[in-house]
Amino acid sequence: MNNRSPYIVNAPSVSTIMFKVLLALIPGIALYVYAYGFGVLVNIFLASLTVLLTESTILSIRKLPIKPFIFDGSGLVTAWLLALSIPSIAPWWIIVLGTLLCIIFGKHLYGGLGYNLFNPAMVGYAILLISFPAFMTHWQAPIFLIDGHFAWIDQIKIIFNSQLISKETVDAISSATPLDYIKTQLTLDQPLSRIKQDKIFGFFGGQSLEMINFGYLVGGLYLLKEKIVSWHLPVAFLLTLFLIGLIFNIYQPDTFASPLFQIMSGGSILCAFFIITDPVSAPTTPKGKIYFGIAIALLVFIIRIFGGYPEGIAFAVLFMNICVPLIDSLTQPRVFGHKQ
Amino acid sequence: MLMQIKKIFKFNGGVHPDGNKAESTHLPIARLPIPKKLVLPLRQHVGNIAKLKVKIGDHVLKGQMIAEADGNISASIHAPTSGKIIKISEEVVPHPSGLPDFCLTLEPDFKDQWIEKKSIQWKKLDSATLIQTLTHSGIVGLGGAVFPTHMKLKINKTQSINTLVINAAECEPFITCDDMLIRERADEIIQGALITQSILNAKHCMIGIEDNKIEAFQSLTKAAKKTSIEIKVVPTIYPSGDAKRLIYLLMGIEVPKEKRSIDLGIQVFNVATVAAIYRYIELGEPSINRIVTVTGNVKTPQNYEVLFGTPLPELIKNADGKETKIDKFIMGGPMMGFDLPSINVPVTKAMNCVIGSSPELFLPPKPVMPCIRCARCADACPVYLQPQELYWFSKSSQLEKAIDYNLFDCIECGCCTYVCPSNIPLVQFYRYAKSEIIAEEKAKEAANTARERNEFRLSRIEREKKERAERNAQKALGAQEKQATDEKKLAISDAIKRVKKNQQENIKNKNE
Amino acid sequence: MITALLVMILLAILLGLVLGYSAIKFKVDGDPMVARIDAILPQTQCGQCGYPGCKPYATAIAKGEADINQCPPGGDAGAKALAELMGVEFKPLNEEHGIQKPKSVALIDESTCIGCTLCIQACPVDAILGAAKQMHTIISSECTGCELCLPPCPVDCITMEPILESSETWKWKYPIYNIEKIGKV
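Residues numbered from 1 in each chain as written. Chains lettered and ligands numbered in written order. Predicted model: local features only at pLDDT ≥ 70, side-chain atom pairs only at ≥ 80, totals over all residues. Heavy atoms only, no water.

(A) Spotlight on the domain arrangement of chain A. All names here are of chain A. Domain assignment breaks chain A into domain 1 (11-175) and domain 2 (177-340). Facing the 35 residues of domain 1 at the interface are 30 residues of domain 2. For the pair domain 1 and domain 2, the summed buried area comes to about 2900 Å², and 76% of that belongs to carbon and sulfur atoms. The interface formed by domain 1 and domain 2 includes one salt bridge. Glu226 is paired through a salt bridge with Lys20; the nearest N and O atoms lie 2.6 Å apart. At the junction of domain 1 with domain 2, the criterion picks out three residue pairs in polar contact (both at pLDDT 80 or more). Taken together, the elements giving at least two residues each to the side of domain 1 that touches domain 2 come down to helix H1 (14-36), helix H4 (74-85) and helix H6 (120-131). Counting residues per element, the side of domain 1 that touches domain 2 draws most heavily on H1, which supplies 14 residues. Looking at side-chain class alone, the side of domain 1 that touches domain 2 contains 28 nonpolar, six polar and one charged residues. (Domains from an automatic or database assignment. Contact = heavy atoms within 4.5 Å. Buried area = accessible area lost by both parts, 1.4 Å probe. Salt bridge = Lys/Arg side-chain N within 4 Å of Asp/Glu carboxyl O. Polar contact = N/O pair within 3.5 Å; in protein donor to acceptor, adjacent residues only side chain to side chain. Helix = DSSP H or I, 4+ residues; strand = E, 2+ residues; numbered from the N terminus. Nonpolar A, V, L, I, M, F, W, Y, C, P; charged D, E, K, R; others polar.)

Following this line, the structure appears as structure tokens:
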């Protein structure tokens, strides 16, 4: 190439961006470990290992250079997000299989980094949820809600071989998620005020869950400050979720939880800052990002309240991923000197 | 005097690369001695190649026109010094293609003898006459666009000029030729601006200057003291020096697509251009030299006043030679410049800066990764384009789509590439797509002419055939008619003969 | 059951109406097909396709008598554009009709020319100037490079000269970087 002006560049590399995203997940993960024990770390470790092995295999099959594409960090981000999305006491093969699905079906079948239509982590998550609903909805209770006999070795035992551990122990350390709990209790005609007296609820979200969400929020703010994510997506998403939650909450406070509960429970914060902000599968125009965030928030709310699943982030994100090319083409910003 | 930024209008995006301007501003502008030969390309401007006015062996004087503007969009070339024309040939010129173009070679006689200089009483002449004289000045936009200046002075009759903007932004890193010119010759610039303002009949005149040029700002303010010229400070942000961006920064006016600023009553000139106008009008000196920044990996980075046609090696030699590390020379700045095809090129009207490049100064390009659609390029684009989409369409040669996404609004400033985490040479793709589209359009035009000519030929053949057929028919008809008259004549003569015979017989009978 | 049926029928009617309405509302009055095909053809008028010019070939394509890949000057790119227009599958250039050559113009060696006017009669775009027993010359800006003037010339004084790149016709090249090489370098 004879000419290549500009001769100077000043940009963080793709790997810098991805590793900053990983860094931003650390506070959330630390609080996760504090509240739920080491299970999640085992999952993250398994996911990372799987991603490195799978990606290098696929890259060598595709005759692509391995080093730059392994160290771009995008695979690790996918793996960590999946590990944080599934129950921390799911058997080991769930996360391994899930990561495989993410990398193969979510990423490389589309052409690898930069070409995937769907958010890879959510592809893996959705397939797992549909295929193994029992494992995927079997959550662990926060440590300090477990009566006395919790040992972190139990977590490891459950993850690697659940037969080694008594059913009683398993029952003792597992619990429903707040979203799930509300959903089942509401079908039993319990008023929300009574339901929320359960010990699994905290100040405004789920017990301990709200703390982890706070950790994600800190990481998210770091990403905003570093300009890794633009404000449009998280703000549009969280604001919409809050507003629609507020409307329904005012309308029928005994059936619909408070807007803050919508935000601080489930995976809302993780979704706002880490999942819908995946640049490859999100819109690129500022307006498009806002519409995308709003639409996902609405879908999440609809699925949570009216749908069959207690949490709807994965499906909402995947559905909106399909609409991204359309959103992008309809929200082109006004070019300098062009009419409105 | 403080440089205060007052009331500016910020455009989208832009970047803040390191200026690297201090290296070449610590020494004053130096004058380069007359070199042993001058190579003058006949095309140093946008538009038609200039028409030769001399032949080999002619002796020319300094400032004598040696090639004349051909048509409106063209500029004349003048002899930068006195001497002899020794060659007319194709030589390598400073152009990214590296292809040769027609050049005149002048051998100086080192007498540096001026042709008679005539200053022009511009205050007494009307604009049209002044513009007419300026067509012979050889002045083109010296900011780098090299568009013939006289064309920019011609005003649309329906739109009077409200504001004349003098562009002193010089936003591109490394380049300091305008900065140094302002510092040392602010008076010429102010005089030139006043002349230009009077030719355009513009109500206001303002100078836009970036806030990193404190000394230049001070000398401009001093020079403009007794005039109505307003000096406006704009923030240091690349590409503030782009004319449309500068107009927006200063006045908040967006020049609409496919319109020129002149349609809105605004015209922009570079500082060096108005200084050249001053020199032509007041001193009678045509455009024969310019200030060139020589910087980068040379021992003494500095600005030089250089005669057009000076071979680049002379210039480099005067900057105390190149450092051993230099692998190539770049013409222009690091954001929009290009690799010179060879060091053996002449200095032209477009050459504002030469950078001695080395792998340490400008790192070799990093490996290219796929686009992750992070849209940093869109955030940096001063035109508010979507570079990631344009890249996609250019890369896959979907040129129609690229046009739909306003490829031709791209000013190739390079901001998108500057911020790309994947190190994609985005601007390269846009340059490729643009020139491909232009070539296709030309091919289409040629095809249309060919179609018309073919259709014309076919209709001509058809017409000729018809005409021939008609002629034949006419001939046949004529023959028939002739035959018919022949028969009649025959009949008549027969009748006459018969009558005569009868008469003779009657006479005979009577006589008998 | 009945409700479901009704819903489906209603939906079908509704969508049908929308479709019908859009068919009327957004009707496109296209150019006649021949003109649109002709617009894609390079207008070289060389006849290599087997038809006596670009328009006859366009007509033949429109009628379905000729294939889209018979135009060597148009090359694969032309065939691709035709395939897109006709809504058929792309076929690479049929080499029976010739191969794509770099664009050239004819040049008459004026010292050899005997002024026979045979080439003038052959030129499809009247790009040759001259008269009987006068030297002929080619208006190179109008020459399409069809080569039709070559065979009739009795003294073989016409040659095809490829158009060289000049600074006016020069194009920026497609940026080349090989992603497969990164990391290995």
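(B) Local environment of helix H3 (residues 54-63) of chain C. Residues and elements named next belong to chain C. Along H3, the residues classified as buried are Cys54, Tyr57, Ala58, Ala60 and Ile61. Angularly, the buried residues of H3 cover 160 degrees about the axis, an arc narrow enough to put them on a single face. In this structure, the buried residues of H3 make contact with helix H2 (33-40) and helix H4 (75-86). Positive phi appears at Gly64, one or two residues downstream of H3, with a value of about 85 degrees. (Buried < 20%, exposed > 50% of the residue type's maximum accessible area, 1.4 Å probe, protein only. Arc of directions from axis to C-beta.)

(C) Looking closely at a negative patch on the surface. Residue and element names in this part refer to chain B. A cluster of acidic residues, Glu400, Asp404, Glu440, Glu441 and Glu445, forms a negative patch on the protein surface. The greatest single-element share of the negative patch, amounting to three residues, is contributed by helix H12 (residues 426-511). Along the chain, the position of Glu440 falls in helix H12. (Patch = residues over 30% accessible without salt bridge, like charges linked within 9 Å, V, L, I, M, F, W, Y side chains within 5 Å. Areas by Shrake-Rupley, 256 points an atom, 1.4 Å probe, with all protein chains shown as cover. Lys, Arg positive; Asp, Glu negative; His and termini not counted. Charge placed at Lys NZ, Arg CZ, Asp CG, Glu CD.)

(D) Structural detail: the nonpolar core. Grouped together as the largest cluster of nonpolar side chains are 90 residues, with contacts concentrated most on Ile166, Ile209, Leu220, Ile281 and Leu315 of chain B. Of all the elements, helix H3 (residues 177-200) of chain B adds the most residues to this core, at 11 residues. When residues of this core are sorted by domain, at least three fall in each of domain 1 (22-34 + 124-353) and domain 2 (374-512) of chain B. With residues near it in sequence (within four places) discarded, Ile281 of chain B still touches Ser119, Ile120, Trp122, Leu130, Leu134 and Ile195 of chain B. If you look at the next biggest cluster of nonpolar residues, it comprises 89 residues, including Leu59, Val77, Leu84 and Ile159 of chain A. (Core = buried A, V, L, I, M, F, W, Y, C linked by side-chain atoms within 4.5 Å.)

(E) Geometry of the sheet that holds strand S8 (residues 100-108) of chain B. Pairing is antiparallel across the open sheet formed by four strands, whose spatial order is S2-S8-S7-S4 (chain B). Looking along the sheet, the strands with just one partner apiece sit at the ends: strand S2 (38-41) and strand S4 (59-60) of chain B. (Pairing = 2+ DSSP bridges.)

(F) Quick peek at the sheet that holds strand S9 (residues 163-168) of chain B. All names here are of chain B. The four strands are arranged S11-S10-S9-S12 in an open sheet whose pairing can be described as parallel. Of all the strands in the sheet, just strand S11 (230-234) and strand S12 (266-270) have a single pairing partner and so form its edges. This sheet shows a mean twist of 25 degrees between the axes of neighbouring strands, independent of strand direction. Both strand S10 (residues 204-210) and S11 contribute to a ladder of five bridges, which runs parallel. Across the sheet, Ile207 pairs through a bridge with Ile231, a residue of S11. (Axes fitted to C-alpha atoms, helices over the stretch in contact; angles between N-to-C directions.)

(G) Seen up close, the interface of chain B and chain C. The interface is formed by 33 residues belonging to chain B together with 30 residues belonging to chain C. Together, the buried faces of chain B and chain C total about 2700 Å²; carbon and sulfur atoms form 57% of this surface. It is Arg451, Arg453 and Arg457 of chain B in chain B that bury the most area against chain C; as a group they hold 22% of the surface buried on that side. If you look at where chain B meets chain C, you find six salt bridges. Elements with a contribution of two residues or more to the side of chain B that touches chain C: helix H9 (387-395) and H12 of chain B. When residues in the side of chain B that touches chain C are grouped by element, the largest group, 19 residues, is from H12 of chain B. Among the residues forming the side of chain B that touches chain C, the class breakdown is 14 nonpolar, seven polar and 12 charged.

(H) The arrangement of the domain arrangement of chain B in detail. Residue and element names in this part refer to chain B. Once the domains are mapped, chain B shows domain 1 (22-34 + 124-353) and domain 2 (374-512). A C-alpha centroid distance of 47 Å is found between domain 1 and domain 2. Listed per partner, the contact involves seven residues of domain 1 and 11 residues of domain 2. Carbon and sulfur atoms make up 60% of the surface buried where domain 1 meets domain 2, a total of about 700 Å² over both sides.

(I) Representation of unusual backbone geometry. Residues and elements named next belong to chain B. In this structure, the amide linkage connecting Tyr238 to the following residue, Pro239, adopts the cis form with an omega of 0 degrees. Along the polypeptide, Pro239 turns up in the loop between S11 and helix H5 (243-251). Unusually for a residue other than glycine, Asn406 sits at a positive phi of about 65 degrees. Judged by its relative accessible area of 17%, Asn406 falls in the buried class. Even without glycine at this site, Glu412 takes up a positive phi of about 55 degrees. Here Glu412 shows up in the loop between helix H10 (399-404) and helix H11 (415-418).

(J) Highlighting the packing of aromatic side chains. Enumeration according to the criterion identifies 20 aromatic pairs over all chains in this entry. Seen from their ring centres, Phe248 of chain A and Phe306 of chain A are 6.3 Å apart, and the 65 degrees between their planes marks the pair as edge-to-face. One end of the pair, Phe248 of chain A, is in helix H13 (residues 232-251); the other, Phe306 of chain A, is in helix H16 (residues 286-306), with 58 residues separating them in the sequence. The class for Phe248 of chain A is partly exposed, based on a relative accessible area of 22%. An aromatic cluster is built from Phe248, Phe256, Phe301 and Phe306 of chain A, whose rings are joined through pairwise contacts. Across the ring face of Trp114 of chain B, the terminal group of Lys117 of chain B is positioned such that the distance to the ring centre comes to 4.4 Å. Over the face of the ring belonging to Phe269 of chain B we find Lys152 of chain B, whose NZ or CZ atom lies 4.8 Å from the ring centre. (Phe/Tyr/Trp six-rings, centres within 6.5 Å; stacked < 30°, edge-to-face > 60°. Lys NZ or Arg CZ within 6 Å of the ring centre and 35° of its normal.)

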